[in-house]
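Observations on chain architecture
Residues per chain, in single letters:
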Amino acid sequence: MGAKEENGDGEMDQTVKKYLRGEAANLEGLQDKKLKGQLAIREELYGKSAKAAAKIEKWLLPSEGGYLEAEGIEKTWRIKQESIAREVDILSLRNQYDIVLPELGPYTLDFTPNGRYMAAAGCKGHLAIVDMKTLSLKKEIQVRETVRDVVYLHNELFFAAAQKKYPYIYNRDGTELHCLKEHGAVSRLQFLKNHFLLASINKFGQLHYQDVTMGEMVGNFRTGSGRTDAMQVNPFNGVVALGHSSGTVTMWKPTSAAPLVKMLCHPGPVSSLAFHPNGHLMATSGKEKKIKIWDLRKFEVIQTLSGHAKTLNFSQKGLLAAGTGSFVQILGDFSGSQNYSRYMSHSIAKGYQVGKVLFRPYEDVLGIGHSMGWSSILIPGSGEPNFDSWVANPFETSKQRREKEVHSLLDKLPPETIMLDPTKVGTVRPARKKEKPTKEEREAEMEAAVEAAKDSDIKRKTKGRNKPSKRAKKRKEIIDRAKRPFLEQQVEEQETFRKKQKTNMETEMPKSLQRFVRQKAT
Amino acid sequence: MKVKVISRSTDEFTRERSQDLQRVFRNFDPSLRTQEKAVEYVRALNAAKLDKIFARPFIGAMDGHRDSIKCMAKNPSYLKGIFSGSDDGDIRLWDIASRRTVCQFPGHQSAVQGLTVSTDGSILVSCGSDCTVRLWNVPGATRADSDNLSDNSAKALAVYVWKNAFRAVDHQWDGDLFATAGAQVDIWNHNRSQPVNTFDWGTDTTISIRFNPGEPNILATSANDRSITLYDLRMSSPARKVIMRTKANSIAWNPMEPMNFTVANEDCNCYSYDARKLDEAKCVHKDHVSAVMDIDFSPTGREFVTGSYDRTVRIFQYNGGHSREIYHTKRMQRVFCVKYSSDASYVISGTDDTNLRLWKAKASEQLGVVLPREKKKHEYLEAVKNRYKHLPEVKRIVRHRHLPKPIYKAANLRRTMIEAERRKEQRRKAHSAPGSVVTESIRKRRIIKEVE
């Protein structure tokens, strides 16, 4: 009984740690007693609230997660969808289906954040909106143009489709709302939910960020690496990652024209990438038949798996789906040590080419968009069983949706809050030591001062005092005056350098000559 | 093979009837919420801005007196009423809700210097420069609420004439003695026409007097010789005295921590003391630019309000060095008395321009009945604003107050003078032998000596 309690305590400690969100502040070094007292009270409150949240997680959550356990000599990755279908209830069976639409081209999918609606886009111009709860087709339109990508905006009312020449924004009724001409011929679209930014990468390798609330173009950058099809948003910190044909992955934020990070991931082109929801893991796949899992805190490879992957996706619970050809493999990390191993696999009919795999939020379902339509399969243990109504509610009513929209607009983050480490907001920037300007900087400053002096206008004197020789002398005097402080600084530095050398020399002299060394006045 | 898939039945997660409330499910996992700190920061910024938008502290002015208002008194058993006395001997009882005079108490021949109400709220005691102490019957609550708001006047219950003009009066919190301050400190009983006891320590007039809320026999007075004296009624001689560099215009005891009191001093600062340790001030509250005339604590004991000769009313935290709020109006002239209402929601100021002004204690507070959801939202916004109020953008908005130009300039001037003084002191210290020049802490600096 005691051991069980201890084990339970260990687990509770882990969950409490999760809710504490980092280390407690170190109050030892504080001199201000009042502040120390106030902070100590706050730390105590944080501890209490973390414990309460851990207890709620243990006892009060309504649903439990899914699982798949193999018995005997069975292996989980040999279990087929049909055998799962036999064991599972009717309601979940509805989530397992194949939709065959052979004429309209490879399909890509996107889900709304609460997993309720799905937008499917076929390359030949077919756009469809499906309500996943009732599995009914809400709306379908034919735009008669190539559609390369589709993405939902903040809720099911709006979605953006990357069509042949420009991306368009549509309503849930299929009405075209906006034509975004500045983006150009977009190959991939992504939506940053907290910031209401639509990011796109186009044929020429230009990255555009547009604020969909006001329509303002927030950023417009040339990546310099050409066309790419691998683009993902890291949900943890809002940076957009692009995988290029040179094998590098670059990460961007809307306020800087240079990428935040440039890392060489593969010897060949990067075919796809995916981010784990906790923001620390990234999976990339290259054309050399390798899938690499990176730790983003240290930018190091944790694991290399072999296999092609045209598309990658992480689920809410950390399962990784890799799709290539007509085969989809799901990998899971079961030992907790970030070691991904085979969990499940699924082959769709031969000849069908998998275009996109996407896990459905809050459900144990994987959506596969392929060349002949789309399918949906059951992956137990991939979705988060307990949703928070204030974050994403699969059972949302229209009133709740409207309220949520207003609240999320009020909480819209400015684009400057996108950074590699989002926990830095509100912390104190460490004091930078004042560095001495380098020699080149000083020379640049001197030149700038001289230029400024040269530009200044000299008053022309009257009454016969305006001789050219005098004017030239005056100009020279002004330039010398501008140069003087820099030259004085140089002279001072040379003197101090010489003095240092001298003292060094003195200490290096042999013992017999020490009495001739000049003694510095103490 | 054991398999389980997430399957949610719609009935469990949606409401049964349309009259039911919508069901809300919570999962506090931090991984579901991305960029929480940035979202909190944006909410703090918006909360600070909303606070400023809704900050309308001035409620109204109570007009009626014909001369400047020198003193006010709160009724401990009736929230809605406040008494005020002016320089022409006019005492009025006001109904704060309708901001009208309920009753007038004519009788004093010259300025009314002090007002106080007995513990049960039935007797009003007033003292004035005409050397009289008058006791009045406070009209009952029903009378105050009645529609008949014509100038009712009441007759005095008793008039006691004594030797010198009086400067202040205060009633015990839990007893039936009251004390007057003037040339000496007198202790009176309601029924006796002569003081029961007299204290006389020092040669100068006593200008303010306050009984301790926790210990009914202890009182504090301040005199024109810059001293603050503590008396105990059970002993025949005064207890302790501390002499400062400038005189204290008013004293207030902290109702929640009765051993601490704060004095409003002539040198623009307020000093908080612990009555057991008078050699050092507990806290110095600096922000006024002219003499602080009156001070009153909130019933929560966490804040106090001060009124100053520089035409502003400021609210300080009980342990804060600077004011949290400043109230001023173009029409408000020298503030002579302030009171914090007994429900800690309002502040009343009595000024030179014959008006009593009613202000909200929290400038952006929503008055009236607040629904529980609204209350929770306000509390959340307050908490998130306090979490990020040290960051520059939020701080700029939270700290911003419009100051009238003379006060702004006077504050700058004071700052320059104090900075110059401090710099000179530092240079003297730096250029003299170490240990020869001793800097006194600000909490001790203004005290000359403590006398037993």
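Residues numbered from 1 in each chain as written. Chains lettered and ligands numbered in written order. Predicted model: local features only at pLDDT ≥ 70, side-chain atom pairs only at ≥ 80, totals over all residues. Heavy atoms only, no water.

Note the cut-off: UniProt positions are given in the numbering used here, feature names are shortened, and annotations may be inferred rather than shown by experiment.
An unreviewed UniProt entry lists chain B under the name DDB1- and CUL4-associated factor 13, from Herrania umbratica. Within the UniProt record for chain B, the comment given under Subcellular location (unreviewed entry) is "Nucleus, Nucleolus".

Looking at an unreviewed UniProt entry, one finds chain A named Probable U3 small nucleolar RNA-associated protein 7 and attributed to Herrania umbratica. UniProt lists a comment for chain A under the heading Subcellular location (unreviewed entry), and it reads "Nucleus, Nucleolus".

**Notes on the overall build of chain A**
What counts is decided by this rule: The helix and strand labels rest on DSSP assignments: H or I over at least four residues marks a helix, E over at least two residues marks a strand, and numbering proceeds from the N terminus. With the radius of gyration taken over C-alpha atoms, the globule rule is written as 2.2 Å times the number of residues to the power 0.38. Accessibility here uses a 1.4 Å probe with only protein chains present; expressed as a share of the type maximum, an area under 20% marks a residue as buried, one over 50% as exposed, and anything in between as partly exposed. Should any heavy atoms of two residues lie within 4.5 Å, those residues are counted as being in contact.
Each helix and strand counted, chain A has seven helices and 29 strands in total. Relative to the compact-globule value of 24 Å for 522 residues, chain A shows a C-alpha radius of gyration of 32 Å, a clear excess of over 25%. Counting only C-alpha atoms, chain A reaches 100 × 70 × 50 Å along its principal axes. The buried share of chain A, taken over its 522 residues, is 43%. Long-range contacts, defined as pairs at least 24 residues apart, comprise 46% of the intrachain contacts of chain A with a sequence gap of at least 6.

**Remarks on the UniProt feature "repeat: WD" (unreviewed entry) in chain A**
With numbering aligned to this structure, UniProt lists the feature "repeat: WD" (unreviewed entry) at residues 263-304 of chain A. As annotated, residues 263-304 of chain A comprises 0% helix and 60% strand, and the C-alpha atoms at either end are separated by 16 Å.

**A closer look at the pattern of salt bridges**
Residue and element names in this part refer to chain B. Test applied: By salt bridge we mean one thing: a side-chain nitrogen of Lys or Arg within 4 Å of a carboxyl oxygen of Asp or Glu.
In this structure the tally under the stated criterion is 38 salt bridges over all chains. Lys-80 serves as the salt-bridge partner of Asp-95, at 3.8 Å between the closest nitrogen and oxygen. Of this pair, Asp-95 sits in strand 5 (residues 91-95) while Lys-80 sits in the loop between strand 3 (69-74) and strand 4 (81-86); the two residues are 15 residues apart in sequence, bridging distant segments of the chain. Residue class for Asp-95 comes out buried when judged on its relative accessible area of 7%.

**Let's talk about the packing of aromatic side chains**
All names here are of chain A. To keep it simple, the criterion reads: Two aromatic rings, drawn from Phe, Tyr or Trp (for Trp, its six-membered ring), form a pair once their centres lie within 6.5 Å of each other, and the interplanar angle then sorts them: stacked below 30 degrees, edge-to-face above 60, tilted otherwise.
Applying the stated criterion across every chain yields a total of 29 aromatic pairs over all chains. When the ring of Phe-159 is compared with that of Tyr-170, the centres are 5.6 Å apart and the planes differ by 20 degrees; the resulting orientation is stacked. Here Phe-159, found in strand 8 (residues 158-163), pairs with Tyr-170, found in strand 9 (residues 167-171); they are 11 residues apart in sequence, far enough to count as distant. Taken as a pair, Phe-159 and Tyr-170 share a single burial class, namely buried. Centroid distance Tyr-362 to Phe-387: 6.4 Å. Interplanar angle 80 degrees. Geometry classified as edge-to-face. Pair noted here: Tyr-362 is in the loop between strand 27 (354-359) and strand 28 (365-370) and Phe-387 is in the loop between strand 29 (373-378) and helix 5 (398-410), with a separation of 25 residues, a long-range link.

**Quick word on the interface of chain A and chain B**
We count it as follows: Accessible area that two parts lose when put together, with a 1.4 Å probe and added across both, is what the buried area reports. N or O atoms within 3.5 Å of each other form a polar contact, as long as, within protein, one can give a hydrogen and the other can take it, and as long as residues adjacent in sequence are counted only when both atoms are side-chain atoms. Three classes are used: nonpolar for Ala, Val, Leu, Ile, Met, Phe, Trp, Tyr, Cys and Pro, charged for Asp, Glu, Lys and Arg, and polar for all others, with Gly counted as polar. Pairs of strands are assigned from DSSP output, requiring at least two bridges between the strands.
Contact with chain A, which involves 62 residues of that partner, is made by 41 residues of chain B. Both faces combined, the contact of chain A with chain B buries some 4700 Å², and carbon together with sulfur accounts for 56% of it. Taken together, the links from chain A to chain B amount to seven salt bridges. In this structure, the salt-bridge partner of Asp-29 of chain B is Lys-18 of chain A, at a minimum N-O distance of 3.4 Å. Taken together, chain A and chain B are joined by 27 residue pairs in polar contact (both at pLDDT 80 or more). For the side of chain A that touches chain B, the element with the highest residue contribution is helix 2 (residues 33-59) of chain A, accounting for four residues. Taken together, the residues of the side of chain A that touches chain B break down into 28 nonpolar, 18 polar and 16 charged. Where strand 1 (residues 67-69) of chain A and strand 1 (residues 2-4) of chain B come together, three bridges link them in antiparallel fashion. Among the inter-strand pairings, Tyr-67 of chain A is bridged to a residue of strand 1 of chain B, identified as Lys-4 of chain B.

**Details of the UniProt feature "domain: BING4 C-terminal" (unreviewed entry) in chain A**
Summarizing the sequence annotation, UniProt attributes the feature "domain: BING4 C-terminal" (unreviewed entry) to residues 342-422 of chain A in the numbering used throughout. Taken end to end, residues 342-422 of chain A is 16% helix and 30% strand, and its two terminal C-alpha atoms sit 32 Å from one another.

**Some thoughts on helix 2 of chain A**
Residue and element names in this part refer to chain A. Stated formally: For a helix, the expected span equals 1.5 Å multiplied by the residue count minus one.
An ideal rise of 1.5 Å per residue puts 39 Å on 27 residues; helix 2 measures up with 39 Å between its terminal C-alpha atoms. Inspection of helix 2 places Ala-50, Ala-53 and Ala-54 among the buried residues, and these make up the whole buried set. Its side-chain oxygen at 3.3 Å from the backbone nitrogen of Lys-34, Asp-32 defines the N-terminal cap of helix 2.

**Side note on the sheet that holds strand 22 (residues 269-274) of chain B**
Residues and elements named next belong to chain B. The cut-off we apply is this: The angle between two axes is taken between their N-to-C directions and runs from 0 to 180 degrees, where each axis is a line fitted to C-alpha atoms and a helix contributes only its stretch in contact.
Strand order in the open sheet made by the four strands is 20-21-22-23, with antiparallel pairing throughout. Bordering the open sheet on either side are strand 20 (248-253) and strand 23 (283-286), each of which pairs with just one other strand. Going from strand to strand, the sheet's axes swing by 20 degrees on average, the running direction of each strand aside. Where strand 22 and strand 23 come together, four bridges link them in antiparallel fashion. Across the sheet, the residue bridging to Tyr-271 is Val-284, located in strand 23.

**Remarks on the sheet that holds strand 3 (residues 107-111) of chain A**
All names here are of chain A. Ordered in space as 3-4-5-6, the four strands form an open sheet in which the pairing is antiparallel. The outermost strands of the open sheet, each flanked by one partner alone, are strand 3 and strand 6 (136-142). In this sheet, adjacent strand axes meet at a mean angle of 15 degrees when their direction is disregarded. In this sheet, strand 5 (residues 126-131) lies alongside strand 4 (residues 117-122) in antiparallel orientation, the contact comprising six bridges. By the bridge assignment for strand 5, Gly-122 is matched with His-126.

**Thoughts on the packing of helix 2 (residues 36-53) of chain B against helix 4 (residues 372-387) of chain B**
All names here are of chain B. As a reminder of what qualifies: Throughout this description, any angle smaller than 35 degrees is read as roughly parallel, any larger than 145 degrees as roughly antiparallel, any in the 65 to 115 degree range as roughly perpendicular, and the remainder as oblique. Should the near helix be turned counterclockwise from the far one by less than a right angle, the crossing is left-handed, whereas a clockwise turn marks it as right-handed.
At their nearest, the axes of helix 2 and helix 4 sit 8 Å apart, and the two run at 110 degrees to each other. By the angle class used here, helix 2 and helix 4 are roughly perpendicular. Considering only the axes of helix 2 and helix 4, their crossing is left-handed. Side by side, helix 2 and helix 4 meet where Glu-40, Arg-43, Ala-44, Ala-47, Ala-48 and Asp-51 of the first sit next to Tyr-380, Leu-381, Val-384, Lys-385 and Arg-387 of the second. Grouping the amino acids of the contact of helix 2 with helix 4 by side-chain chemistry returns six nonpolar, no polar and five charged.

**Re the UniProt feature "domain: Sof1-like protein" (unreviewed entry) in chain B**
Look at the UniProt record and you will see "domain: Sof1-like protein" (unreviewed entry) annotated at residues 361-447 of chain B. Secondary structure content for residues 361-447 of chain B is 62% helix and 1% strand, and the end C-alpha separation is 32 Å.

**Considering a nonpolar patch on the surface**
To keep things clear, this is the line we draw: Residues enter patches when they are more than 30% accessible in relative terms and free of salt bridges; like-charged ones are connected within 9 Å and nonpolar ones (Val, Leu, Ile, Met, Phe, Trp, Tyr) within 5 Å. Exposure was quantified through the Shrake-Rupley algorithm and a 1.4 Å probe, taking into account, for residues, occlusion by the shown protein chains and nothing else.
Residues Leu-260, Phe-299 and Leu-420 of chain A make up a contiguous nonpolar surface patch of about 210 Å² in total accessible area. Structurally, Leu-260 of chain A is set in the loop between strand 17 (248-252) and strand 18 (261-264).

**Side note on the pairing of strand 18 (residues 227-232) of chain B**
Residue and element names in this part refer to chain B. Burial runs high along strand 18: six of the six residues are buried. Neither face of strand 18 is left uncovered, since the one carrying Ser-227, Thr-229 and Tyr-231 and the one carrying Ile-228, Leu-230 and Asp-232 both have all their residues buried. Where strand 17 (residues 218-223) lies against strand 18, five bridges are found, and the strand directions are antiparallel. From the neighbouring strand, Leu-219 faces strand 18, where its bridge partner is Tyr-231. Between strand 17 and strand 18, which follow one another and run antiparallel, lie three residues, and Arg-226 among them has a positive phi close to 65 degrees. Where strand 18 meets strand 19 (residues 240-244), four bridges bridge the pair, whose relative direction is antiparallel.

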